[in-house]
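Structure assessment
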Amino acid sequence: MASTRRPTSVRQSLETTTTGAECVNLGAGAGAAGTPAVAGSSRGRDTGGWDATLTTRCLLEYCAQYPQHKQFVKDVLQKDGFNLEHLAGTPFAADKDCVLAAVSNCGASLQFAAPQLRSDHDVVIQAVQSDPFSLGFACQTLKADAGVVLAALRRDPAALALADSRLFSSDDFMLAAIKLDATAATYAAPKLLSDPNFRAAAKAANSVVGHWFVNTEHFPGLQDPAVQQEFEQPPG
């Protein structure tokens, strides 16, 4: 028979989670110190004991009302960061420690963080290292931050599509991106592509880029014999 022992804390409540299900055993009455008592939260038949269930969502939404449960919330987010969606708009979504715990597990949870934390360099770096495409949830200033974007590109070069276009005119940034992946050259601003010095530097940064430049429809302006000959020569 399943135990109906009354949990003595929120943490213990979570530890009674049924295998394979996101639910915990809680009662409907006032609990011991630190134990949630959520009116109208039980599902199914209420026998008056401790066999009523709450989902993780309900538990987190309850805990969001009480700052003293911060460590418990952090522990939940470290195991599944996407649970931050249940805390969106609450003080925990504006708590840097809790949000860091969430994004380190699931970068996409950045979308549920308070705006000031989507503008926080430390939080966004952690998010893109977990999921490079979480760059799309960062503030525009950090989408234009070369260090943040390059951190995302090291995980997946395709994340360059989410960067601020101002970076595409920076020769230093574009060369760093091209060094990671030659296809980054497709984002380079026309003024860079028309500069022979930039093209030479790009070729030196990534030997594949020369072949790629002259064998794609992305650079029709570079598909002339002189440019092709330029890229057929090995880097100096």
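Higher on the page you've got the structure.
To keep things clear, this report deals only with the structure shown in the data block. (Residues numbered from 1 in each chain as written. Predicted model: local features only at pLDDT ≥ 70, side-chain atom pairs only at ≥ 80, totals over all residues. Heavy atoms only, no water.)

A look at the packing of helix α3 (residues 70–79) against helix α4 (residues 96–105)
Definition in use: In this description, a line fitted to the C-alpha atoms serves as the axis of each element, helices being fitted only across the stretch in contact, and the angle between N-to-C directions of two axes falls anywhere from 0 to 180 degrees. Helical segments are the DSSP runs of H or I of at least four residues, strand segments are the runs of E of at least two, and each set is numbered from the N terminus. Geometric relationships in this document are graded by angle, where less than 35 degrees denotes roughly parallel, more than 145 denotes roughly antiparallel, 65 to 115 denotes roughly perpendicular, and other angles denote oblique. If you view the pair so one helix is near and one far, a crossing is left-handed when the near helix is turned anticlockwise from the far one by less than a right angle, and right-handed when it is turned clockwise. When checking whether two residues touch, look at their non-hydrogen atoms; a contact exists if any pair is within 4.5 Å. Polarity classes work like this: nonpolar for Ala, Val, Leu, Ile, Met, Phe, Trp, Tyr, Cys and Pro, charged for Asp, Glu, Lys and Arg, and polar for all others, with Gly in that last group.
Axis separation between α3 and α4 bottoms out at 7 Å; the angle between their running directions is 15°. As judged from the angle between their axes, α3 and α4 are roughly parallel. Here the hand of the crossing between α3 and α4 comes out right-handed. The residues of α4 that touch α3, namely those facing Lys70, Val73, Lys74, Leu77, Gln78 and Lys79, are Asp97, Cys98, Ala101, Ala102 and Asn105. Residues that form the contact of α3 with α4 fall into these classes: five nonpolar, two polar and four charged.

Things to note about the pattern of salt bridges
Side chains that differ in charge, positive against negative, can pair when their charged atoms come close. Selection criterion: By definition, a salt bridge exists where a carboxyl oxygen of Asp or Glu is found within 4 Å of a side-chain nitrogen of Lys or Arg. Partly exposed describes any residue whose relative accessible area lies between the buried limit of under 20% and the exposed limit of over 50%, with all areas from a 1.4 Å probe on protein chains only and scaled to the type maximum.
Counted by the stated rule, this structure contains five salt bridges. Across the pair Asp97 and Lys70 runs a salt bridge whose closest N-O atoms are separated by 3.1 Å. Highlighted residues: Asp97 in helix α4 and Lys70 in helix α3, separated in sequence by 27 residues. Between Lys96 and Asp122 there is a salt bridge, and its shortest N-O distance comes to 3.0 Å. One end of the pair, Lys96, is in helix α4; the other, Asp122, is in helix α6 (residues 121–130), and 26 residues separate them in sequence. With a relative accessible area of 44%, Asp122 lands in the partly exposed category. Taken together, the salt bridges that share partners define one network made up of Lys70, Asp95 and Asp97.

So, helix α2 (residues 56–63)
Keep this limit in mind: As used here, the arc is the angular range of directions from the helix axis to the C-beta atoms.
All of the buried residues along α2 are Thr56, Leu59, Leu60, Tyr62 and Cys63. Buried residues of α2 fall within an arc of 160° about the axis and therefore sit on the same side.

So, the environment of Asp171
Among the structural elements, Asp171 can be located in helix α9 (residues 171–180). Remark: the alpha-carbon pair of Asp171 and Ala201, spanning 30 residues in sequence, is separated by 9.3 Å. Apart from residues lying up to four places away in sequence, Asp171 is in contact with Leu192 and Phe198.

Quick look at the packing of helix α8 (residues 146–155) against α9
As a packed pair, α8 and α9 sit with axes 10 Å apart at the nearest point and diverge in direction by 10°. When the axis of α8 is compared with that of α9, the two are roughly parallel. On the side of α8, the interface is formed by Ala146, Val149, Leu150, Leu153 and Arg154, while α9 contributes Phe173, Ala176, Ala177 and Leu180.

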